[in-house]
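# Examining the three-dimensional arrangement
What follows is each chain in one-letter form.
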Amino acid sequence: MRRKSKAVINPDMLNLHVERVIYTNRVSKTHKGGRTMSFQVMVVVGDTNGHVGVGLGKARQVPDAIRKAIEAARKNLVYVPRVGTTIPHEVEVEFGATRLVLKPASPGTGVVAGSSVRALLEAAGVTDVLAKLIGSRNPINAAWATMEAFRQLRTPEEIAQLRGVSLKTLTPWYVRKFKETAEV
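Let us look at the structure shown here. (Residues numbered from 1 in each chain as written. Predicted model: local features only at pLDDT ≥ 70, side-chain atom pairs only at ≥ 80, totals over all residues. Heavy atoms only, no water.)

## Notes on the pattern of salt bridges
We count it as follows: By salt bridge we mean one thing: a side-chain nitrogen of Lys or Arg within 4 Å of a carboxyl oxygen of Asp or Glu. Counting from the N terminus, the helices are DSSP H or I runs at least four residues long and the strands are E runs at least two residues long. For the exposure calls, accessible area comes from a 1.4 Å probe over protein chains only, and a residue counts as buried if that area is under 20% of its type's maximum, exposed if over 50%, partly exposed in between.
Summed over the entire model, instances satisfying the criterion amount to five salt bridges. One salt bridge connects R118 with E122, and the closest N-O pair in it is separated by 3.3 Å. Separated by four residues within a single helix, R118 and E122 lie in helix α2 (residues 115-124), roughly one turn from each other. Taking relative accessible area as the criterion, E122 reaches 29% and is therefore assigned partly exposed. When salt bridges that share partners are traced, they join R20, R118 and E122 into one network.

## Section: the sheet that holds strand β5 (residues 91-95)
The condition is simple: Strand pairing requires that DSSP identify at least two bridges connecting the strands. It only takes one pair of heavy atoms within 4.5 Å for two residues to be counted as in contact. Axis definition: a line fit to C-alpha positions, over the contact stretch in the case of helices; interaxial angles, taken between N-to-C directions, run 0 to 180 degrees.
One open sheet holds the four strands; their spatial order is β5-β6-β8-β7, and the pairing between them is mixed. Strand pairing shows two members of the sheet lacking a second neighbour, β5 and β7 (111-112), which therefore form its edges. As defined by bridge partners, β5 adjoins strand β6 (residues 98-104) across five bridges and the pair is classed as antiparallel. Bridge pairing links V91 to L102 in β6. Packing of helix α3 (residues 139-152) onto the sheet brings it into contact with β5, β6 and β8 (129-135), and relative to β5 it is tilted by some 140 degrees.

## A word on helix α1 (residues 62-75)
Formally: Expected helix span is given by 1.5 Å per residue-to-residue step, counting one fewer step than there are residues. Our arc is simply the arc of the directions from the helix axis toward the C-beta atoms.
Helix length check: α1, at 14 residues, gives a terminal C-alpha distance of 20 Å against a target of 20 Å (1.5 Å per residue), a fit within 8%. For α1, the full list of buried residues reads A65, A69, I70 and A73. All buried residues of α1 project into a common sector of 140 degrees when viewed along the axis, lining one side. Exposed residues pointing more than 90 degrees away from the buried face of α1 are listed as P63 and K75. Contacts from the buried residues of α1 go to β1 (18-31), β2 (34-46), β3 (51-59) and β4 (77-79).

## Observations concerning the nonpolar core
As a rule of thumb, nonpolar side chains are buried together in soluble globular proteins. Rules: What is meant by a nonpolar core is a set of buried Ala, Val, Leu, Ile, Met, Phe, Trp, Tyr and Cys residues, joined one to another through side-chain atoms within 4.5 Å.
Ranked by size, the top nonpolar core spans 35 residues in total, and within it V52, L102, V117, L121 and F150 carry the most contacts. Only β1, β2, β3, β5, β6, α2, β8 and α3 provide two or more residues apiece to this core. Ranked by the residues each element gives to this core, the list is headed by α3, at eight residues. Leave out the neighbours within four places in its chain, and F150 touches V52, V78, Y79, V80, P81, L102, L120 and L121. Counting eleven residues, the second-largest nonpolar core is a separate cluster that includes V43, A59, A65 and L77.

Okay, structure coming up:
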């Protein structure tokens, strides 16, 4: 179900200063002698400049699980294309029983999202976006759905190149508006 990103991102070259634990769960395994407790942790890492990753870690102690999750998240980085402070286009993704809709928003709207979706968007540096989870709101499925949505995002330049048209004929009004304000 999960698809690897196109380009391999070297985490050592990035300043991943955002590390946020978004989910912890105490799990147990029953043996002949009793139950063995361990912890499962999901962590988001990002540089607030378009690079974000999420990872799961499991260990007997919480700090060890967090360390493992951070290592897994650094291996699972994706690049999030942004137009100004928002995403380039609307995207809808299904992951398991979770359906996620991400929509671009005008400047000043903020991040209208909940649970792990908000943590991923903030770690990626997206500050104006609307998000809606439909169906299951399981934080793990929501995080994986958000990562899949990030993989499906394309910049206006990439779309124009794929379609073989000029950027001006393709670009919606809000993208032109953001480009004009960025140039001023």
